[in-house]
Each structure stands twice: as structure tokens, then as C-alpha cells.
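Spelled out, the chains give:
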Amino acid sequence: MDFTNHASDLNPEDIESITVLKGPEAAALYGIDAANGAIVITTKRGRPGTGGMEYTNSVSVANVRGAPEVQTTYGPNAESGGAYSYFGTPYPAGARFYNNINGFFTQAVSQKHNLSFSGASGDSRITYRISGGVTRQTGNIPNTWYRRMNLQGSSTAQVTNWLSADLVISYSYSTNNQPFKGVCATPTTCVGGGPMLGLLVYPDTINARDYLTPAGQRRLITSLGAASEVDNPYYTVNKNQNYSKGDRTTVNLGLNIAPVSWGFIKLNLGSDAYTTKYLINRDPQSAAGYNNNGILDLSDDLTRNLDGQATFNFNRFTLMKGLSVSGFAGGSMSTYRTEDDALEGMNYLDPNFVSMNNTDITKRSNRTVVIRRRRMSAFGSATLSYNNYLFVNLTGRNDWTSTIPRARNSFFYPGVNGSFVFSDAFPFVRKVLTSGRLTAAFAEVGRDASPYAFRPSLLSATTTGGGFRYDFWGPNVNLKPEFAKSYEVGAELGFLNDRVGLEATFYRKTTRDQIVQNVRGSYGTGFILFNLNGATTRNTGIELTLRGTPILTRDFSWDVLANFNHSRGTTVSLPFGQTEFYNSDTWLYGNVRNGTMPGISTMSLTGFFYQRVATDSGGRKGQLLIDPTSGLPLRDVTAFKDYGYDRQPDFTIGLTNGFKYKNLAFDFLLDIRKGGDVFNATEHWLTVRGLAKGTLDRETPRIVPGILKDGKENTPNPTVNGIVVVPAANTGYYTGMSEELFIEKNINWVRLRDATLAYTLPRGVLGSKTASVYITATDLFLITNYTGLDPIVNGNTAATGGSGGVGIDFGNFPMPRTFNFGVRVGF
Amino acid sequence: MTQPITRVRRAAAALLLAVPAVTLPGCQNFLDVNTNPNTPEVVSANLYLPGILHWWATAPAFDGRFLGRYTQMWMLPGTSTTPSTWDRMGYDPGSDNGAEQWRDVYWSFGQNLIDMMTKAQAEERWDILGVGYLMKAWGWLVLTDMHGPIIKLDQVFDQSRLTFDYDTEDHQYEVVLAELDSAITFLERTDGAVDATYLRKGDLIYGGDRSKWLKAAWGVKALALNHLSNKGALYRPQDVIAAVDKSFGSNADDALLPYQGTNNDNTNFYGRTRGNLPSYRQTYFPVGLMDGTQFSGAVDPRMRRMLSPSPDGVYRGLDPNVGDALTILPAAQRPNNVFGYPGTGGLALPSRYIFSDKSKFPQMTYAELQFVKAEAAYRAGNPAVALSAYTTAIGASIDFVNARNADDGQSGDHTGAPESNITQISSAERAAFLADTRIVPATPAGLTLSHIMSQKYVALWGWGHNEIWVDMRRYHYTDLDPVSGTKVFRGFKLPTNFYVDNAGQPVYRVRPRFNSEYVWNKPGLSQVGALDADYHTKPVWILQP
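Residues numbered from 1 in each chain as written. Chains lettered and ligands numbered in written order. Predicted model: local features only at pLDDT ≥ 70, side-chain atom pairs only at ≥ 80, totals over all residues. Heavy atoms only, no water.

1. Quick word on the overall build of chain B
Per the secondary structure count, chain B includes 18 helices and four strands. Principal-axis analysis of the C-alpha atoms gives chain B an extent of 120 × 50 × 50 Å. Looking at chain B as a whole, 59% of its 545 residues qualify as buried. Long-range contacts, defined here as pairs at least 24 residues apart, represent 74% of the contacts in chain B between residues at least 6 apart. Accessible surface for chain B amounts to roughly 19,100 Å². Of this, 55% is attributable to carbon and sulfur atoms. Placing the 49 positive and 55 negative side-chain charges of chain B at their respective mean positions leaves the two points 3 Å apart. (Helix = DSSP H or I, 4+ residues; strand = E, 2+ residues; numbered from the N terminus. Buried < 20%, exposed > 50% of the residue type's maximum accessible area, 1.4 Å probe, protein only. Contact = heavy atoms within 4.5 Å. Areas by Shrake-Rupley, 256 points an atom, 1.4 Å probe, with all protein chains shown as cover. Lys, Arg positive; Asp, Glu negative; His and termini not counted. Charge placed at Lys NZ, Arg CZ, Asp CG, Glu CD.)

2. Points about the interface of chain B and chain A
Counting residues at the interface gives 63 residues for chain B, matched by 61 residues for chain A. A combined buried area of about 5,600 Å² lies between chain B and chain A, and 63% of that area is made up of carbon and sulfur atoms. Run the count over chain B and chain A and you get one salt bridge. When the shortest N-O distance is used, the salt bridge between B:E41 and A:R455 registers 3.1 Å. At the surface where chain B touches chain A, the tally comes to 21 residue pairs in polar contact (both at pLDDT 80 or more). When contributions to the side of chain B that touches chain A are tallied by element, the ones reaching two or more residues are helix 1 (2–23), helix 2 (27–31), helix 3 (49–70), helix 4 (100–122), strand 2 (255–258) and helix 17 (514–518) of chain B. For the side of chain B that touches chain A, the element with the most residues is helix 1 of chain B, which contributes nine residues. For the side of chain B that touches chain A, the residue count by class is 32 nonpolar, 20 polar and eleven charged. (Buried area = accessible area lost by both parts, 1.4 Å probe. Salt bridge = Lys/Arg side-chain N within 4 Å of Asp/Glu carboxyl O. Polar contact = N/O pair within 3.5 Å; in protein donor to acceptor, adjacent residues only side chain to side chain. Nonpolar A, V, L, I, M, F, W, Y, C, P; charged D, E, K, R; others polar.)

3. Overview of the sheet that holds strand 25 (residues 592–593) of chain A
All names here are of chain A. Read from one edge to the other, the open sheet built from three strands follows the order 25-27-29, with strand pairing classed as antiparallel. At either end of the open sheet lies a strand with only one pairing partner, and these are strand 25 and strand 29 (641–646). In this structure, strand 25 lies alongside strand 27 (residues 604–607), joined through two bridges in antiparallel fashion. Across the sheet, V592 pairs through a bridge with G607, a residue of strand 27. (Pairing = 2+ DSSP bridges.)

4. Let's talk about the environment of A:E444
All names here are of chain A. The topology assignment puts E444 in strand 17 (residues 435–447). Overall, E444 belongs to the buried group, its relative accessible area being 14%. For the pair E444 and K509, spaced 65 residues apart in sequence, the C-alpha to C-alpha distance is 9.3 Å. If near-sequence neighbours (up to four positions away) are discounted, E444 is found in contact with Y413, P414, F483, A484, K485 and R512.

5. Brief notes about the confidence of the model for chain B
Of all residues in chain B, 94% attain a pLDDT of 70 or more, and the chain-wide mean is 91. Scoring the predicted complex yields pTM 0.78 and, for the interface, ipTM 0.88. (pLDDT = per-residue confidence, 0-100.)

6. A closer look at the packing of helix 3 of chain B against helix 4 of chain B
Residue and element names in this part refer to chain B. Between helix 3 and helix 4, the least distance of the axes is 10 Å, while the angle of their chain directions is 170 degrees. Considering their axes alone, helix 3 and helix 4 lie roughly antiparallel with respect to each other. Between helix 3, through L49, I52, W55, W56, A59, P60, F62 and D63, and helix 4, the contact on the second element is made entirely by E100, Q101, R103, D104, S108, F109, N112, L113 and M116. In the contact of helix 3 with helix 4, the residues fall into ten nonpolar, three polar and four charged. (Axes fitted to C-alpha atoms, helices over the stretch in contact; angles between N-to-C directions. Parallel < 35°, antiparallel > 145°, perpendicular 65-115°, else oblique.)

7. Description of the sheet that holds strand 32 (residues 678–680) of chain A
Two modes of strand pairing occur in sheets, parallel and antiparallel, and in both the strands are linked by backbone hydrogen bonds. Residues and elements named next belong to chain A. Pairing within the open sheet is mixed, and its three strands lie in the order 36-32-40. Edge strands, defined here as strands with exactly one partner in the open sheet, are strand 36 (743–744) and strand 40 (808–809). Note: strand 32 against strand 36, two bridges, orientation antiparallel. Residue pairing in the sheet places V678 in a bridge with E744 of strand 36.

8. Quick look at helix 8 (residues 210–226) of chain B
For helix 8 of chain B, built from 17 residues, the straight-helix expectation of 24 Å at 1.5 Å per residue is met to within 8% by its first-to-last C-alpha distance of 24 Å. Of all 17 residues in helix 8 of chain B, 13 are buried, a share of seventy percent or more. (Expected span 1.5 Å × (residues − 1).)

9. Observations concerning the nonpolar core
In terms of nonpolar packing, the biggest core is built from 177 residues, with B:Y106, B:M135, B:W140, B:W213, B:F355 and B:Y390 touching the most fellow members. Top element by residues in this core is helix 5 (residues 126–147) of chain B. It accounts for 14 residues. Not counting residues up to four positions away in its chain, the partners in contact with B:Y106 are A:Y523, A:G524, A:G526, B:W140, B:L143, B:I150, B:I151, B:V156 and B:F157. Within the second largest apolar cluster, 48 residues are counted, among which are A:Y202, A:L605, A:A692 and A:F810. (Core = buried A, V, L, I, M, F, W, Y, C linked by side-chain atoms within 4.5 Å.)

10. Comments concerning a nonpolar patch on the surface
Residues and elements named next belong to chain A. On the surface, Y661, L664, F666, L757, Y759, V773, I775, F819, F821 and V823 cluster together to form a nonpolar patch covering roughly 800 Å² of accessible area. Within the residue set of the nonpolar patch, elements represented by two or more residues are strand 31 (664–674), strand 37 (749–761), strand 38 (770–778) and strand 41 (816–826). Counting residues per element, the nonpolar patch draws most heavily on strand 41, which supplies three residues. A residue is classified by how much of its surface remains accessible, and Y759, at 33% relative accessible area, is partly exposed. (Patch = residues over 30% accessible without salt bridge, like charges linked within 9 Å, V, L, I, M, F, W, Y side chains within 5 Å.)

11. Quick word on the pairing of strand 7 (residues 126–138) of chain A
All names here are of chain A. Bridge count for strand 6 (residues 108–120) against strand 7 is eleven bridges, and the pairing is antiparallel. Looking across to strand 7, one finds that H113 is bridged to V134. Across 13 bridges, strand 7 lies against strand 8 (residues 145–160) in antiparallel orientation. Within strand 8, the residue paired with Y128 across the bridge is S155. Between strand 7 and strand 8, which pair antiparallel in sequence order, lie six residues; one of them, N143, sits at a positive phi of approximately 60 degrees.

12. Things to note about the pairing of strand 8 of chain A
In this structure, strand 8 of chain A lies alongside strand 9 (residues 163–178) of chain A, joined through 15 bridges in antiparallel fashion. Looking across to strand 9 of chain A, one finds that A:T156 is bridged to A:D166.

13. Side note on the packing of helix 6 (residues 169–188) of chain B against helix 8 of chain B
All names here are of chain B. The geometry of helix 6 relative to helix 8 is characterised by a closest axis approach of 9 Å and an angle of 160 degrees between their N-to-C directions. Classified by the interaxial angle, the pair formed by helix 6 and helix 8 is roughly antiparallel. At the point where helix 6 passes helix 8, the crossing takes the left-handed sense. Each of Y173, L177, L180, D181, A183, I184, L187 and E188 in helix 6 lies in contact with helix 8, whose residues at this interface are R210, W213, L214, A217, W218, V220, K221, A224 and L225. (Left-handed = near helix turned anticlockwise from the far one by under 90°.)

14. Re the side chain of B:N112
Its location among the elements puts B:N112 in helix 4. Within the structure, the side chain of B:N112 is placed 2.8 Å from the backbone nitrogen of A:Y470, a separation counted as a polar contact. Leaving out residues up to four positions away in the same chain, B:N112 has contacts with A:L458, A:R469, A:Y470, B:Y48, B:I52 and B:W107.

15. Considerations on unusual backbone geometry
Phi at A:N99 takes a positive value of approximately 55 degrees, unusual for a residue other than glycine. Position of A:N99 among the secondary structure elements: in the loop between strand 5 (83–85) and helix 2 (100–104). Relative accessible area serves as the criterion here: at 43%, A:N99 is assigned to the partly exposed category. Of note, the phi angle at B:Y353 is positive, near 55 degrees, even though the residue is not glycine. Within the secondary structure, B:Y353 sits in the loop between helix 11 (303–306) and strand 4 (360–364). Taking relative accessible area as the criterion, B:Y353 reaches 0% and is therefore assigned buried.

Written out as C-alpha cells, the structure is:
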């Protein structure tokens, strides 16, 4: 299931600027949640001297760039795992094909309107801004849409000459009707998933749009029965539902108090409260809901997060000639609370009425979950500057958290960073460089655990007689915070009057005592899962940014920005000498999962791969071992192994070009990547069912290259496989294929992410003060060696944590190509 | 007028800075919100009990799907001519199949049982403590009988360990017997806070009746002592008989778990709604014992109330050596499923015997214990006692079958579902069967082990998987009765095509649970040879002299 990310509640029209803080330095300011970096979004305020009204409008149209291809030569032969397999005889010559796959996707249209008023009082002591916006969007999948309404008011006021205030209140209301996301329990069963896989496997000789019988019932096309047959994709998007709606109100108040001339106090209070209602309907006739005659899940989620921070800032104070110091010290408190009431009902009385009142009263069950977390911290920072070209900054922060046992719930972490503008210190450098700066940083940051992670609690049992029983997780009263140490060195150079700039950063970050959730062990402990400290991971990387303005004249300019990134993450060790750790949420498909082992990448894939010759004698190391009775390769099912599959790219490059000619501006962003493996699980699934285009040559006899496992495989004279298989007759060739063959290695891509053409209209058009129009194209083209739809996939969502489902393509929807037309007018 | 303003400023600043100073002492209280508000961390002792008792009765049913194929109570026919792994006395590699009791003893019982017993001890609730010891002992007994060596009993439940060593089976049996004695001692006590009302709250099996739990403890002890029948001097049949005499006195003492059938987890695992058995079919072996083939033509009245006929009315059992034994028969000859319907039918329809959604599922019965007494008395050289116990046992089993067919409306006239028309066994049928000398020999001298063990099999068919598999292994599946020369288990045939890793040997143990031990505790397994491909064919300790 996929749910809305609450970052989408923000109205982009209200954003003034976005700052990305990448390293642990962010934690010094923002605490534990910023341990891996922070994105700081500053919203717009009214500005003195301006005033007026602005209207923006944007309409966009998106079409999918492609759809998966299946073979339409051979017809269905058998039913298994919810749908047909396509190992049958070829379709007759005049067979009519309905082109179901391409015909399924609709054009997605979205429109946004935004109106804002802003201004300032005559003496500029008070500024204000009010903005309201509406977004309405439909998706490429039929019956999916998203709507949002935003309202924001912000005001700054200089109350007295020592007190100023800044207040922002935002409200958003959104509704989201999403499709189910397509996953299968095993490669052979796909019941209850989203529309995508059902679409692929639907016979093209039957019109998929005909999803209801004349009597209005679900139309079944196999003899498997309603509970076992995969839903027709139109059926599932129209009858099953994943719907959510939410209200969110955020309030931020900032006070700036300057009681003395050498410093000022900054006080920030923030409240983020949202209520979201979720509804998941599994229709009584759909595969997921049939056995229970319909399942309705409702959930009310109330979240209220409060944050408060107070800092005392010391103005710059000169210690001696050339040397000055400034800094701040402060503390913060935060309290987060979520309360979730969930209700499930089954056995609908009326099959088409979606309401909890329509479910069987004896088949309702509910659950309430409350989660709370509180933190406090004290922090300080001091910056020494020498002659304005050498800066050293020291930070220290101590956090107290509610989620670690009391004995260890307080932890301190320091940081130091320095920057040296050597072009100012050594003016002779200016002959070559316009400006030059070296930076170095070291920071440490600690992180806490999830709430309730170290003491087991009892669940209400649903077995006979009720009662209570322990959940899967065992205790860990020794849980302690994890720490990361990071080093970074960098340089920033400017050339040719700053027409060209180069920035380079190298970083290395080691996290130790990493809290690993859901570690498994022998049941002899009395529990199945533990949350343990003990993993160590290391991330290193290089980032280079080259910017330049090759052409700069009065009327025309050309700016280039290229950003190169290369990073690697390695698992150094796992808790208690474990040999493999995997995230079970990413075990989406078959016998491959996001597993990592000591010494290999954090983005690797482990699986039950083929057996291969181990010894080097006979010169055939690494070749496949073949089963002498079938002529097909054998799979190693003793343990999940690492065969070097790694989803981490070698490097990525972002290339932005911006052209300006008088009032016309054209920008485009290219996203380039080299290396990194992607697991094309969709193609494996299609192959197992005989639907992949790669199975068209099934009548061609072939020999699988490899060595027979007849006892002689490790001798100097192994038996080379000579058994001929005809896959059309021996379908085990396809159905037994290891997923390994579908992990596509070294995937590269060049994609045009974004291209925008904007024109600023002359002043006075329509009585406006400012006016501009623009056209943007997103995901315009993709050049890649990946055979699937789009390698930029994630089998899960960002909520999975860790390296998640990135690079696992199973039932993912194709990426759309979008064209966006917009107008901005200010009065 | 700068001075007053400065004072105001400073006052405001001081106030604002004072705020954190006041709250700091309350800091730790503010942070003390990590006690899970959604569920308790400790509850009263009797609230741990229902879950434990549920798994006491249900876990054997989970594993019975697989053990029942070792003992040929049923088989799982498919579309391939090769039978399933379990039908060939093998196992499913990389799977937890057949190791549910491992999971339930270590986790479902596990810390829940420890907490319950600790609380009971502190509160002097000797009845709950006694039940706790009984469950603990039963757990180690069943795991030892099934798997052989298990996790060292002095290392288990130590949460600072992630791998464990294995114990020796003789030590495991010592602990089992000692804990059974503790259970008995505590269940005999009526002092302290012993309270039937309190116990009833968590006890769906005996409703809080301490005296019945005491009998159950003696029953488990009798079973445990009888398992040592191959161990020469360690086997003391007189102790077995004495234990049986202190255990169940009638069918009213049977340990039955009544499934409530309101949600998936409290519905009978063997019922049609949970859908675990629709593809299974009875084999030739139980059919042969009941249709007269193995008892000189005496047809058992229980057959029509336990087994299922084919649509043509004939009672047949499939051959486990033929993987597609069901589909090769013409439709009219295919045996119906255990619920009594052809194919996978039976959903929301009346069922039969112990296969109904709200059945009272048996854990241990009076008939079972009387058979144990009969076997022990026979081995002790006391055929008169043996014959009397044997006769009582068969009669009790007939009553048991009648009672099970009345739990959830199984017996009766079901118009619209004629496949399920079962009637109760009448007292005339019962008397006639017990008087039939082909079943119950006229004199004690005529009684043989093959009578006792084959009739015990019939009485435990479908539910007594742990016990029957121990019995069959004690007699090496096909041992001959020394007196009559017939097989102890009349008509039983080992599979002709054993699973590939068996090296032609029958199965004698189940490998410990894959996702607990083979993934995470390989060092422990290697100590006892459990990593060998044919580990499952090695006889366990109780079977070796």
C-alpha cells in the first residue's frame, strides 16, 4: 500500500527558498532528525516596498512514455497463480487483439491556481502576505486523482525597537485517490495487488474494458474462481479503493528580542497538527475481498507535533585586531504524538455500499495505536574569524530522548568546521583565481531509536479464549544511541572573474552501533525479532560541481552547472556476527531481496542464485551447474548469497544549462547516471508466465551452457552439458529461471528531466506590474540500456527506510512525460 | 527615556531565559513517555493462559498435516506422479513446515509461560503454577520426541544469546519427568491462593477445575514413561499403569479445546473455513483397519462417522506411493475430503468428526490413556489387565466419536447436503462391536500388541499425531508382533520411493525449525550432526536400546 507523503501538503507557490544541508552539521542546528542532512524550506514573506497581488496558473498534461511489451504470438494454456500462463499454441491467424495494455493508461491533466496578496505598511514595520491555492490533478491510471487546497498567511512586525515577531499560519486540505500498488505474495500468486500486473497478464484477445457481466458482476475469464483469479485492471481501479483525505495546520511563531546591544534572543515555537483519514476498500467480488465478502479498512490518524527552541545569539565581538568571535547557545524541546484508530469490517451486506455500517457486525475488529516521542536538547556554537578569511566554527549539542533507556538517554556530540578563503589571505593567488576557499569539517551526531523499541509488550490475542501474549519483539534494555562520525574536506575555486567556478567535496562517514531493527535469531531466546545496536556502516563519496557562464553579453547569457556525485556505502559489520541482514519489506519478489553482508555494499541484492562450479580445476570456475536429469541449471537454496549485485551507481551527473536572451529564458536539466544494477522483476514474472518477448524463441532447441552436476564437476575433467532443451515443450526452462538472470547490470541513463522556456512579458500588459509565461517539459526523453520501462524505480516507498526498494522494479507504473503551461501575473 | 526601556528589555530577556531553567529538573519526567500505551507490559497470570492452551491443542494440528503423512493417516495427492516430499518420508528444505510446535514452545509458550509462572509463584496460585509446569514439561517432551536434541535447557530464554548449544536427550527426559512431578505436586495443593474462579477465566479446557488438571498431568506423565518402551531397564510398565490409573477416569476428563469460530485465529485449524485440509485424503491404511480388511472382516462402526466414502458409497483409501492417486480414479470412485465432500467442497456446510469449524479439538483422551495402560500391562506380562483396559479404550473411543459428531451439529439429517449425513453410533452397534471376538479377543491370551496398537491408531486417527508417530517409530513402522507374526500396525507399508536424501531409510525425526535454527543457529546444529542431509532418518534416543 502506498500513502501520501506529507511533504506534498506544501504549496510550492509559498516557497521562497530551499537550502539543502547535507552532512551532520545540520544536526547541530536541527537535532537528531537531521542526522543525515536536512532540507530547510523558507516560506515567502511580504517585502517592504512591494505590495500587490499575484496570480499564477499552471496547467499540465502528462502521458506515459511507454508501456510494457508482451508477446502476442502464443496463447494461454493453463491457469496458475491467479491467471493464465502463455505456453500454449499460437493464436490463430485472424485473431483480434484489443491492445489492452496501451489502451489502459489515460492522459493525466492537472491544473493549479494560486492567488497571493502581499505588502508592507508605509513605515515598513509590518509586512504581510496572504496566499491561497487550489490544485486538481488526475493520474495516468484511470480513476486516480489528487486535489489540494492551501491557505497561508504570514506577517512580520517590528513591534518595538527591540522586539520583532514573525508569524506564519498554513492550512492545507487534500484528498488522494490512489491505485493499489502491485505486489504479489510469491511469483506464482498475484492476488490482491494493483492493476499493473493484472493488466500485463490479461489475454489480449479479450477486451479488458469489458470488466462487468451484463448483470453487473465481476467478469471472470479463468476457471480459478473469484478468490484466485487476478483482478481485471479496470475492475480493480473502479471497484477497489485506496483513498485518503487530510487537514493540516502548521503554525510557526518566531520572536526576536534584543535586550542588549551585544546579542539577541531568538525564540521559535511551532505546531504541526494534522488529521488524516484513510479508507481501503477491497470489493466483495475482487480477488482480495472475495473470501470475506468484502473488506473495509478505515483509519483515523491524528498527529500533533510541537517544537520549541530558544537561542541566545552573541553578536560579533572583536577579541583583538583581526580576530573576532560570535556564536549562540540555546535549547529546544519537542513533543510528537500520533494517535491512530483503525477499524476493519468484513462481509458487506450490500456489495456496492462502502461504509462501515454496511459490514457484518460480528466481523468488525479495531485497534488503537498511540505513539509518543519527546526530546530535549542543549546546544551551542562559536565561530572565530580571523581577518575575514579564516573561519573556525565549533558546535556542541547534547540531546535527551525518550526512546532510549534512561541510563543512556543523554548523549553529546561535537563538531568543528573551518573554512579558509586563501584568495583573500594570499592576494597573489588572485592572478590565477578570482576566489578560492578550502573547507574542512568534522562532525559527530547521535541518533535515537523508534519509540517502544526496547521493552516488549503484550498483545491482545485473537486465538481461542483471547488473553494476552508477547509480540515478536524481544527486550533490549541495553539499547543505546548510534553515533556517526563524518569527515569532509572541500575546495571552492572561482576563475575568470567568477565566470567559472569549481567546487569539490570529499566526505567519509562511519556509523557505529547502528540500531538495526527486526534482527532475527534462533527462537531459543523466546522471541523472534530484536532491535539491536551493532551494525557499522561506512559511506564515502566525492561531489564535484562545475559552474560557468560561457557567454555573458548585455542581451544573452548562458549558464552551465554540472554536478558530479560518486558515493559508496559499505556494511562493515553486523550485530553479533550475523552473516546477512535484510529488510523484509523489500522482499517483494521471489528469491531476491535487499540483503547486505559484512564487506559488501549497503545497496546489494542477495538471493537464491544458481549453483556454480566452485573449484578452479578444469578451468571452469563460475560456470553454471546443470541438473543431469533435466538439462536445466540448479539453484542454491541453502542460503541467500551475495554474487556482487549492487544497486549503487558508479556516479551520477546533473547538468543544468540556462540560456537568457532579453526576456526569454530557457533552462534544461539532464540527469545522467552510470552503473548500478536494477532488478527487473517484472520481466522475470512475465517470463515465468510465457508473456515476455524474450520467450518468443521458445521453439528453438538450445543447450544451457554449463557443467553437469554428475559428481565430476569439481574434477579436472567435468562433463560439459550437452542436453538439448526445447523450452516450448519443457516449460520448466522458463518457470524455473532464477531471478538472477533479470538483474540487469550496469544500468546507465541520460534523461532530460526538465526543460523550461519562460518569457517575461513587458510591463503594463493587461495592466500588470509583472507578467511571465512558461512551458515546461518533464521527463522528455530517456536513453538507457535498461530493458524495462524505467530504471528509476523503487519497489517500495521512501518510508521503508535504509536502502529500501530502490532499484527493484516490480509492477511499477511507467513514468509519464509531462507538459506544463503556466502564467504568472502580478498587479 | 532609554533607561526604563532597557529595564523592560532585560526583564523580558530574563523571563524568557528562565523558562528552560524551570523546566530542566522536570526533564526526565517530561521524557518518560516510552512505556507503550497501547498494550500492557504485565497482566494477571490467568490472562497468559488462554493463548498457551490454544497452542497446546492447535500446534500439534499444524504439524499433524506433515506427521500424518509419515504415519499415513492421510496423504496429499497432486498432479504429478511423484508423491509429495512428506509422503515419501522426506521434508521441505528451506521451509518451516513441520516445525510449528518448535515455534509455539519457544515463542507462544516461551516468555509468556515464564511470566505466568513467575506471577503465579509470587501470588501463591499453585493451580496456575501447576498448569504452567505441565505445559513446560509437555513442550520439552514433544520437542524431544520429534526433533531429538533441542536447545540446551539451561541456555534457553537467555536474551543475551543469539546462538545456542544443544542438549542431550536423556537429560531432556530427566527434566521433563522432574517438571511433571512439580506440576503434580503443585496441582495437589489446595492452600494459598488456589482459586477455581480465577483459573476458569483463562481456562477453556477444564473451566478452572484443578482436579482435572491434576489428572491431565498424570496422563502426560504416563505418556512420557511409556515412550521409553525401547530403553530396556529405563522402562517401568508398573509406573506407567500407576500413572494412567491416576489420570483420566472417563471421557468427561478428556482435554478438549472448544474453538469459538468467530475469527480466523479461533476457528478450528482443521475446519473447512481455514482451508488447510481440503486436498488431503485418507490412505489405504486407516481404511484397511476399519473396513474389515485387517480384522478378518469386522467392520468398524466408527468408519462411517470418521472416514469419508467416495461418491459411489464405497470407502477407499489412496496409495501414498502414487502421487496423483486421486485424479487417476474415475470421479465416482474418488474418496471425498475429510469434511465429507467431493473435491474441495464443504465451505459453510456441515462437516464431520473433528473437522468442523467449532469442533472441540482433542489434545489427550481417556481412550488414548487406556490404550497406553493396555500396552504397558501387556509388556509387563499382565494380559488380563491389558484386555480390560483395551476393551474400555475401544468403548471410550466409540463414545468419543459420538461426542465429536455432536459438537457442531455434524451428525444429523442434513437435507441439501446428503454427503454429510452421519448418524450417531447406537448402543446396539457399540455392544455388538465390543462383543465381536475378531476385535476384542475372548480371552486375555488372545490379545496381541497388534490388536492394541492398531486399535490405538484408529482411536487417535486425525488428531493424535505426536503420540501415534512416537508409537510407530517405537515399532520401527513394520515390526512384527512376536506372538502372532502379524505387523504391529496391521497392513502398514513403508513408501517404496523414499525422498532423495533418505538413502532408502524411513524417517525418524524432524529437523529443527528452519528459520530459527538452520538460518541463525548453525553452530548449535553442527554439534549434533543436524546439518547432515540424512539427519532426519537417524533414530532418536528414545528408540535406541
